[in-house]
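Structure at a glance
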Amino acid sequence: MTWQQRIEQQLAQRRADDSFRTRQVHERGSGRFLVSSGRRHLNFSSNDYLGLSQHPDVIRAWQKGAEEYGVGSGGSGHVTGYGEAHKQLEDELCDWLGYPRALLFISGFAANQAAIAALAQKQDRIIADRLSHASLLEAAMLSPAQLRRFAHNDVQALDGLLAGDCEGGQLVVTEGVFSMDGDQAPLGDIAAATRRAGGWLLVDDAHGIGVLGEEGRGSCYQQQVQPEILIVTFGKAFGVSGAAVLCSADVADYLLQFARHLIYSTAMPPAQACTLSAALRVIRSGEERRERLRRNIADFRLGAARLPLGLRDSQTAIQPLIVGENARTLELAARMRERGFWLTAIRPPTVPAGSARLRVTLTADHTRDDIAALLEALYDETGK
Ligand SMILES: *Cc1c(COP(=O)(O)O)cnc(C)c1O
């Protein structure tokens, strides 16, 4: 089969399965309202959990940073791209999260790829929660280490895998909050099992950081766990983009030698680092925002329990409603859009077959009336 034939065949397969992905152009995609084709929708699809993508202090920090430093970093951090704004943000992250060192990355995807690629060698074993993010599982698959997956949040299954013979090191990989289900990992038990086996723990807290725990320190702080490698990302509660790896001084120095995504890639713009520092200040003092988010989650769950859709046992801002079939999920999402609510249909292979869902995400910027209106429309559309 030629390249062209193979591509055509794979595209045809996706279309036949109702799993063909397209992007839509939006006039505005983040914030409380999503504007698309001239129409305003209440946005229940963004990861901007605290509304910081639209926060005036954060926006001003970006403008001021650009005026001061220009718009680009000019190179890799190993050449000329690492400046005082980057150093300051790293120091602030260390102070906030209680780690000796932080390293900035251009995205969470890159941070996960870099950390795993640099650490995992041939004799090692990576033991990852089955529902870990694609960036983690893909990095593990591409690495020369052995990859084993444990049943979602199942510490006994993890224990069993950790007990197997392994010549090298064992790296346990999980998330603080799971991106498609919204449930949280039992990090205390996972950390204890990992420690008993002499392994290391990597936690990707993309959806917990900024939102959970005192001062928004995230899932690990909330559960009193300090993994050897903590990944935090800035595209969700921070409202911007980018990521950081928090770790020991030795691991940071090691990554600076061997993490190719860091060495051979342009550093984030200094203005972005200034923006992230501003977002971090809002997050640390943002208990009122987190309280509003918690209230919205509670309101939504109370009302959604009556829907004939599978509400998951999630206490976080991610509240998936399981529909089942792809076609029905797409249709429901389209009908909700008609009514002015933007909900994303998530289909396999992002989630297991037969569990297509509307992934509802709540933010601190939604009002109680927004949540009530969403629930009313869902009752109507599902015949309740
Ligand atoms: C979003 C996400 C990432 C990727 O982060 P980006 O900064 O968007 O590249 C990594 N891990 C998890 C769990 C995520 O949800």
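Below you will find a few notes about this structure. (Residues numbered from 1 in each chain as written. Predicted model: local features only at pLDDT ≥ 70, side-chain atom pairs only at ≥ 80, totals over all residues. Heavy atoms only, no water.)

Here's the deal with the sheet that holds strand β3 (residues 101-105)
The pairing of strands in a sheet comes from backbone hydrogen bonds and takes either a parallel or an antiparallel form. Where we set the bar: A strand pair is defined by DSSP finding two or more bridges across the two strands. Under the scheme used here, helices are H or I runs from DSSP no shorter than 4 residues and strands are E runs no shorter than 2 residues, and both carry numbers assigned from the N terminus. Note on geometry: axes are lines fitted to C-alpha atoms, helical ones only across the stretch in contact, with angles between N-to-C directions running from 0 to 180 degrees. Contacts are assigned to residue pairs that have any heavy atoms within 4.5 Å of one another.
Taken in spatial order, the seven strands of this open sheet run β3-β9-β8-β7-β6-β4-β5, and their pairing is mixed. Each end of this open sheet is capped by a strand with a single partner; those strands are β3 and β5 (146-150). Ignoring strand direction, the axes of neighbouring strands in this sheet form an average angle of 20 degrees. Judged from the three bridges that link them, strand β7 (residues 200-204) and strand β8 (residues 229-233) form a sheet pairing that is parallel. The residue bridging D204 from the neighbouring strand is I231, located in β8. The strands that helix α5 (residues 134-142) touches are β4 (125-129), β5, β6 (170-175) and β7; relative to β5, the one it contacts most, it runs at about 145 degrees. Contacting β3, β7, β8 and β9 (243-247), helix α9 (residues 249-258) runs over the sheet at an angle of about 30 degrees to β3.

Examining the site of the ligand
Worth spelling out the cut-off: Any residue with a non-hydrogen atom lying within 4 Å of a molecule or strand is treated as near it. Within 3.5 Å is the distance limit for a polar contact, defined as a pair of N or O atoms, with the added protein rule that one can donate a hydrogen and the other accept it, and that residues adjacent in sequence qualify only through two side-chain atoms. Where accessible areas are quoted, they stem from the Shrake-Rupley method and a 1.4 Å probe; at the residue level, only the protein chains shown are allowed to cover.
Close contacts around the ligand come from 14 residues, with G108, F109, D204, H207 and K236 the closest. G108 is positioned such that a nitrogen or oxygen atom in its backbone is 2.7 Å from an oxygen atom of the ligand. Contact distances for the ligand include 2.5 Å between a nitrogen atom and a side-chain N or O atom of D204. When the ligand is considered free in solution it has 380 Å² of accessible area, and contact with the protein chains removes 83% of it.

Section: helix α14 (residues 368-381)
We apply this condition: Given the number of residues in a helix, its expected span is that number minus one, multiplied by 1.5 Å.
Over its 14 residues, α14 runs 20 Å from end to end, which matches the ideal 20 Å to within 8%, given 1.5 Å per residue. Among the residues trailing α14, G383 stands out with phi positive, at a value near 75 degrees.

Here we look at the pattern of salt bridges
Filter applied, for reference: When a carboxyl oxygen of Asp or Glu is within 4 Å of a side-chain nitrogen of Lys or Arg, the pair counts as a salt bridge. Between buried and exposed lies partly exposed: a residue is buried under 20% and exposed over 50% of the maximum accessible area for its type, with that area taken using a 1.4 Å probe on protein chains only.
Scanning the entire structure with this criterion turns up 19 salt bridges. We note a salt bridge from D181 to R312, for which the minimum N-O separation is 2.3 Å. Taken together, the positions of D181 in the loop between β6 and α7 (187-196) and R312 in the loop between β10 (310-311) and β11 (318-324) put the pair 131 residues apart, joining distant regions of the chain. Judged by its relative accessible area of 32%, R312 falls in the partly exposed class.

Here we look at the packing of aromatic side chains
Heads up, the condition is: Pairing of aromatic side chains requires ring centres within 6.5 Å, counting the rings of Phe and Tyr and the six-membered ring of Trp. Pairs whose planes differ by under 30 degrees are stacked, by over 60 edge-to-face, and all others tilted. A ring has a charge above it when a Lys NZ or an Arg CZ is no more than 6 Å from the ring centre and no more than 35 degrees off the ring normal.
In the structure shown here, the tally under the stated rule is three aromatic pairs. Ring centres 4.9 Å apart and planes at 50 degrees place the aromatic pair Y254 and F258 in the tilted group. Taken together, the residues span about one helical turn, with Y254 and F258 both in helix α9 at a distance of four residues. Its relative accessible area of 26% is what places Y254 among the partly exposed residues. With a relative accessible area of 48%, F258 lands in the partly exposed category. Within the aromatic cluster, the residues linked to one another by ring pairs are W96, F234 and F238. The ring of F20 carries R15 above its face, with NZ or CZ at 4.1 Å from the centroid.

Some points on the packing of helix α12 (residues 287-304) against α14
Any two packed helices are characterised by how steeply their axes cross, that is the angle between the axes, and by the distance between the axes. Applied cut-off: Every angle not falling under 35 degrees, over 145, or within 65 to 115 is termed oblique; those three ranges are roughly parallel, roughly antiparallel and roughly perpendicular. Put simply, a crossing is left-handed when the front helix is turned counterclockwise from the back one by less than a right angle, and right-handed when it is turned clockwise. All residues other than Ala, Val, Leu, Ile, Met, Phe, Trp, Tyr, Cys, Pro, Asp, Glu, Lys and Arg, Gly among them, are scored as polar; the first ten of these are nonpolar and the last four charged.
With their axes 10 Å apart at the nearest point, α12 and α14 run at an angle of 20 degrees to one another. What the angle tells us is that α12 and α14 run roughly parallel. Our pair here, α12 against α14, has a crossing hand that is right-handed. Here R295, N296, D299, F300, G303 and A304 of α12 come into contact with α14, specifically with R368, I371, L374, L375, L378 and Y379. Here the residues of the contact of α12 with α14 are counted per class, giving seven nonpolar, two polar and three charged.

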